[in-house]
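Inside the fold
Here are the chains, one letter per residue:
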Amino acid sequence: AAAREKRTKKTKTVCTFCGVGCSFEVWTKGREILKIEPTEQAPVNSISTCIKGKFGWDFVNSDERLTTPLIRKGDQFVQASWNEALTLIGEKLTFIKEKYGGDALGFVSSSKTTNEEAYLIQKLARQVFETNNVDNCSRYCQSPATNGLLATVGYGGDSGTIQDIENAGLVITIGANPTEGHPVLATRVKSARKLRGQKLIVADLRKHELAERSDLFLRPKQGTDYVWLTALAKYMIDKGWHDEKFIRERIDNYEEYIELLDKYTLDYASEVTGLSKETLHNTAKMIYEADGTCILWGMGVTQNIAGSHTSGAIVNLLLVTGNFGRTGTGAYPLRGHNNVQGSCDMGALPQSLPGNEPLTDDEARQRFEEAYGVSISKESGLTNVNMLVGAQAGSLKGIYLIGEDMALVDANAEHVQDALSNLDFFVVQDLFFTKTAQFADVILPASPSLEKDGTFTNTERRIQRLYQAIEPLEDSKPDWWIIQEIANRCGAQWNYHHPSDIMDEIARLCPNFAGVSYERLEGWKSLIWPVQHSGKDEPLLYTKRFNFPDGKARFSLKEYVPPLQFPKEYDLTLNNGRLLEQFHVGNMTNKSKGIQYKLPEVFVEVSPHLAAERGIKDGSLVRLRSPYGAIKLHALITDRVEGNELYVPMHSVQHENAVNLLTGTAGDLQTQTPAYKQTKVKMDVLAEN
Ligand code: SF4
C-alpha cells in the first residue's frame, strides 16, 4: 500500500463547481492533488478550465472536513460510530412516520450530489416514507426556468448544446454573468464572436465583463424583463419580423397569445423598463437579421416574483421568431451547480418523478408504484421553502438534508434559522460543519466528488461519468451509501453495491434514460438525454416536435407582475450574484488558501454617482439594512453598477455578513424560488475607510 501511495494516479472526473460540466484528469499521489489536466477528449471543454476547476480543490483535504458522525448531546456534539448514528436516525425517522405520518418529514437533496444519489433520496422519500416532500436546491435558483420551459416547449432543459450556442448568429444573455458564473461557456461565446462575427446582446442591471464586450447592452429596471421581452414579440409580429409559418405549423395557441400582447406596446415597455424605444427597435432588428438566436438566462431572471412568467416570455419570443429546432437557436437556462439539471431529472422534486415525468401522469406514477411497492400520491409534496414554513408552524417534524447550507442560502436567514431550531429531529449530511449543521441533531460526514463514482448531468443535459480519484477521507462516506443505510434501517431492503446498479434501475424505470448505462458512458463518452433504448441520444431538441402529445408548443399566457414594493426609506436596489473565484456561499472555495488570499472578504459595489452623493470612498465601511436584517461591508466604487443600484457577492466569507440576512421571503409566484433579486435596502456610512 505504501508503494501504491507513491505512485501518481490519473483519474477522469467532472468538475463540481458549475453546470458547464468540464471534465479533466486529476493527478493524485495518495491524497495529494498534484494537478488538474484537461484533455482534448473532454466533450465540453477540451483543453480549457477556469480557475475554480483548475485550482479550487484544496477543500478535499481541508482540516475542517467532517470525518466522523456527530450526535448532539445537549449543546455539544459528540463523536459516534456509523452504527450508532444510523440506528438513531432510523429510530427517529420511523417514530415520526408512525406517529405523524410520512408527510411530517422533509428530504432535501443537494444539486452537487450525483444523479444516482439524487435518485435515491427521492426513492427514500417516496418508497420508505410515502411522501412527496422531497426537493433540491434548484428551488433557490432554476425552478422558474424549468417551469417556464415545461409549460411552453415541454422539456425542462436546454434546447441544445454549447456547440449549438456557438453556431448562433446572435446570443442574448439576460440576468446572467457567464464570465464569472459559467466561465468556459463564456469563453466559447467570446470566441464565436471573434472568429465568426456572432452578435451579442446583454441585458443586465450590472455592466459586467460580457456586457462590456456586447454589441448592445440593455439595462432595464429591476424586475421588468418580462415587459421588454413581450413588447419585442408584439413589435416583431406587427412589423412582420416574426415566423408566421413556424407559428402556424408548430404552436397551438397563437390567437390567445395575440390577445395577451395587445397592451405591450413599445411606448408601454419604454415607460416600464426605462429602455428607449430606439434600443428596443434595435434589439428586435438584430433578432430579425440574425441567422439563429439563442437566449441564455440566469438568476437575474429567475430569482424574482415573476421568474417563471419571465422565463415563459423568453420562450415566447423565441417561438414567435421560429428560433427552435435548428442549431444556433433555442432557450438555454444556465444551470448553476454542477448537477442542478441531474437532481431535477432524477425526481428530487416535490412535483415530479425520476425521468422528468410529472406526478400527475397516471401511467408514470403507476410504473413507479409497481416498482416501489407503495402507492404514490399525485399531489405535489412540500418545496424546501414550504418545509421551513411547516417546521416553523410545527407541522413538519423532521428534515434529512444533504449538502445544502440552508441557513445561509435561503432568503431571510434569521427566519430559516428559527424554523430549523423548531424541528424535532434534523439530520445534516455534509463535508463541513456548516452554519446549518449547528442546528442538527445528527451530522453525517459525506464524501465529495473526487472520492466517489457516479454521474453528473450538465446544463446541456449531458450525462458524464466521474471516477473515484481518492479514498473517502477517514470515516466519511459517499452519499449513496449513507442514504441506502438509512433506508435499510427504516425497513427497506436495498442492495446497491455500486452507483452503476442505481443507474441500471433508473434506465429500467425512466423512458428518457432508457439507453443510459455505465458502459455507454465509459471514459470520456457522454450521452445527452433523452436517450433511447438503443443508446441514441438527442443533443438538439424540438427538430420535429415539441414535447407534448400533439407535438406542438404553447405560448405562455402569463401576465406581467410588477416587482415587490418596499417602504420608501429603503431607497437602494440590492442585487447579488457570483464572483469568478468563488462557488456558491463559499463553503468549498473558502477552504482554498489561494482563493482566500485573493478574496479575504466580500464587499458592496457602489456607483460613482451614489458614492459622491453619500460621501463614500473606496473601502468605506457601510451598513446595509433591509426590513429583514443588517450587514456591514466595505464599499467598492465601480461603474459596473449605476445610480442607486448596489451589488453584493453571494459568497459569505463571514457568516454575519451573508447577503441573505437582507433578502426576504417572497418568492416566484409559481415555484416559490425566493425573489433574492428584489431586495431594497438603506445604507449608512459607518467609517470612511
Ligand atoms: Fe468547472 Fe465551470 Fe470552471 Fe468548467 S467553467 S472548470 S465546470 S467551474
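Residues numbered from 1 in each chain as written. Predicted model: local features only at pLDDT ≥ 70, side-chain atom pairs only at ≥ 80, totals over all residues. Heavy atoms only, no water.

So, on to the sheet that holds strand 18 (residues 454-457). In sheet architecture, strand pairing relies on hydrogen bonds along the backbone and comes in two forms, parallel and antiparallel. The strand order 18-19-20 describes an open sheet built from three strands, whose pairing is antiparallel. Looking at which strands have only one partner, the edges of the open sheet turn out to be strand 18 and strand 20 (526-528). Neighbouring strand axes in the sheet, compared pairwise and without regard to direction, differ in orientation by 30 degrees on average. Of the pairings in the sheet, the one linking strand 19 (residues 462-466) to strand 20 comprises three bridges and is antiparallel in character. Within the sheet, the bridge partner assigned to Gln 464 lies in strand 20 and is Ser 526. Packing against the sheet, helix 4 (residues 115-128) makes contact with strand 18 and strand 19, and its axis sits at approximately 90 degrees to strand 18. (Pairing = 2+ DSSP bridges. Helix = DSSP H or I, 4+ residues; strand = E, 2+ residues; numbered from the N terminus. Axes fitted to C-alpha atoms, helices over the stretch in contact; angles between N-to-C directions. Contact = heavy atoms within 4.5 Å.)

The subject of this paragraph is the packing of aromatic side chains. Taken as a whole, this structure holds 24 aromatic pairs when the rule is applied. Consider the rings of Phe 24 and Trp 57, whose centres lie 6.3 Å apart with planes at 80 degrees: the pair is edge-to-face. Placement of Phe 24 in strand 2 (residues 23-29) and of Trp 57 in the loop between helix 2 (51-55) and strand 4 (70-73) is noted, with a sequence separation of 33 residues between them. This pair shows no difference in class: Phe 24 is buried, exactly as Trp 57 is. Ring geometry for Tyr 542 and Phe 546: centres 5.0 Å apart, planes at 25 degrees, overall stacked. As far as burial versus exposure is concerned, Tyr 542 and Phe 546 are alike and both buried. In textbook terms, an aromatic cluster arises when at least three aromatic residues are bridged by ring pairs, as seen for Tyr 155, Phe 246, Phe 324, Phe 513, Trp 529, Tyr 542 and Phe 546. Between Arg 206 and the ring centre of Tyr 647, over which it is positioned, the NZ or CZ distance is 3.7 Å. In this structure, Lys 397 packs its charged tip against the face of Tyr 100, placed 4.7 Å from the ring centre. (Phe/Tyr/Trp six-rings, centres within 6.5 Å; stacked < 30°, edge-to-face > 60°. Buried < 20%, exposed > 50% of the residue type's maximum accessible area, 1.4 Å probe, protein only. Lys NZ or Arg CZ within 6 Å of the ring centre and 35° of its normal.)

Time to look at helix 3 (residues 82-100). Taking 1.5 Å per residue, 19 residues should reach 27 Å; helix 3 reaches 27 Å between its end C-alpha atoms and fits that length. Along helix 3, the residues classified as buried are Trp 82, Ala 85, Leu 86, Ile 89, Gly 90, Leu 93 and Ile 96. Viewed along the axis of helix 3, the buried residues span an arc of 140 degrees, placing them on a single side of the element. With respect to the buried face of helix 3, the exposed residues turned more than 90 degrees away are Glu 91, Glu 98 and Lys 99. Those residues of helix 3 hidden inside the fold are in contact with strand 4, strand 6 (105-109), strand 15 (398-402), strand 16 (425-430), strand 17 (442-445) and helix 22 (479-489). (Expected span 1.5 Å × (residues − 1). Arc of directions from axis to C-beta.)

This next bit is on the packing of helix 19 (residues 384-393) against helix 21 (residues 413-421). Running from N to C, helix 19 and helix 21 point in directions that differ by 60 degrees, and their axes come no closer than 7 Å. Relative to helix 21, helix 19 is oriented oblique. With respect to the hand of their crossing, helix 19 and helix 21 are arranged in left-handed fashion. Across the interface between the two elements, Leu 388, Ala 391 and Gln 392 from helix 19 touch His 415, Val 416, Asp 418, Ala 419 and Leu 420 from helix 21. Considering only residue class, the contact of helix 19 with helix 21 consists of five nonpolar, two polar and one charged. (Parallel < 35°, antiparallel > 145°, perpendicular 65-115°, else oblique. Left-handed = near helix turned anticlockwise from the far one by under 90°. Nonpolar A, V, L, I, M, F, W, Y, C, P; charged D, E, K, R; others polar.)

The next subject is the packing of helix 10 (residues 225-238) against helix 16 (residues 307-320). Between helix 10 and helix 16, whose axes approach to 9 Å, the crossing angle comes to 20 degrees. As the angle between them shows, helix 10 and helix 16 are arranged roughly parallel. Read as a crossing pair, helix 10 and helix 16 show a hand that is left-handed. Contacts between helix 10 and helix 16 pair Asp 225, Tyr 226, Leu 229, Thr 230, Leu 232, Ala 233, Met 236 and Ile 237 from the former with His 309, Thr 310, Ala 313, Ile 314, Leu 317 and Val 320 from the latter.

A few words on the pairing of strand 17. Side chains on a regular strand alternate between the two faces of the sheet. Here strand 17 shows no split at all, with Val 442 and Leu 444 on one side and Ile 443 and Pro 445 on the other all buried. Two elements, strand 16 and strand 17, share four bridges in a ladder whose sense is parallel. Looking across to strand 17, one finds that Val 427 is bridged to Val 442.

The next point concerns the pattern of salt bridges. Evaluation of the coordinates by the stated rule reveals 34 salt bridges. With a shortest N-O distance of 3.0 Å, Glu 117 and Lys 452 are connected by a salt bridge. Of this pair, Glu 117 sits in helix 4 while Lys 452 sits in the loop between strand 17 and strand 18, and the two are 335 residues apart along the sequence. In this pair, the class of Glu 117 matches that of Lys 452, namely buried. Between Glu 642 and Arg 219 there is a salt bridge whose closest N-O contact spans 3.4 Å. With a gap of 423 residues between them, Glu 642 in the loop between strand 24 (630-637) and strand 25 (645-649) and Arg 219 in the loop between strand 10 (216-218) and helix 10 connect regions that are remote in the sequence. (Salt bridge = Lys/Arg side-chain N within 4 Å of Asp/Glu carboxyl O.)

The subject of this paragraph is the environment of Pro 563. The residue Pro 563 is located in the loop between strand 20 and strand 21 (572-577) in this model. Judged by relative accessible area, Pro 563 falls into the partly exposed class, the value being 21%. A sequence separation of 365 residues divides Pro 563 from Gln 198, and the C-alpha atoms of the two residues are 33 Å apart. Residues in contact with Pro 563, not counting those within four places in the same chain, are Gln 222, Gly 223, Ile 305 and Gln 678.

Attention shifts here to the site of the ligand. Around the ligand, the neighbouring residues are Cys 15, Phe 17, Cys 18, Gly 21, Cys 22, Cys 50, Lys 52, Gly 53, Pro 183 and Val 184. Secondary structure elements with two or more residues in the shell around the ligand: helix 2 and helix 8 (183-196). Looking at the shell around the ligand residue by residue, the classes come out as seven nonpolar, two polar and one charged. (Near = heavy atom within 4 Å.)

In total, this model carries four cavities of 30 Å³ or more according to the counting rule given. As a volume, the largest cavity reaches approximately 620 Å³. For the largest cavity, the lining is made up of 40 residues, of which Met 299, Gly 300, Asn 576, Gly 577 and Lys 677 are closest to its centre. Listing elements by their share of the lining of the largest cavity, those giving two or more residues are helix 7 (178-181), helix 15 (299-302) and strand 21. A per-element tally of the lining of the largest cavity places strand 21 first, with three residues. For the lining of the largest cavity, the class distribution of residues is 15 nonpolar, 18 polar and seven charged. When residues of the lining of the largest cavity are sorted by domain, at least three fall in each of domain 3 (143-333) and domain 4 (572-687). (1 Å grid on protein atoms, 1.4 Å probe; cavity = no way out; pocket = protein on both sides within 12 Å on 5 of 7 lines; lining within 4 Å. Points joined across faces, edges and corners; volume = space filled by probe spheres on them. Domains from an automatic or database assignment.)

With antiparallel pairing, the three strands of this open sheet are ordered in space as 1-2-3. Of all the strands in the sheet, the pair left with one neighbour each is strand 1 (8-14) and strand 3 (32-37). Across the sheet, the mean angle separating the axes of adjacent strands is 30 degrees when strand polarity is ignored. By the bridge criterion, five bridges tie strand 2 to strand 3 in an arrangement that is antiparallel. Directly across from Thr 28, in strand 3, lies its bridge partner Ile 33.

In this section: the layout of surface pockets. As a volume, the largest pocket reaches approximately 960 Å³. In this structure, the largest pocket is lined by 39 residues; those nearest its centre are Leu 150, Gly 154, Asn 356, Glu 357 and Pro 358.

With that out of the way, let us pick up helix 18 (residues 362-372). Every buried residue of helix 18 is listed here: Ala 364, Arg 365, Arg 367, Phe 368, Glu 369 and Tyr 372. Contact partners of the buried residues in helix 18: helix 4, strand 13 (352-353), strand 14 (357-358) and helix 23 (499-509). Once helix 18 ends, the next one or two residues include Gly 373, with phi positive near 70 degrees.

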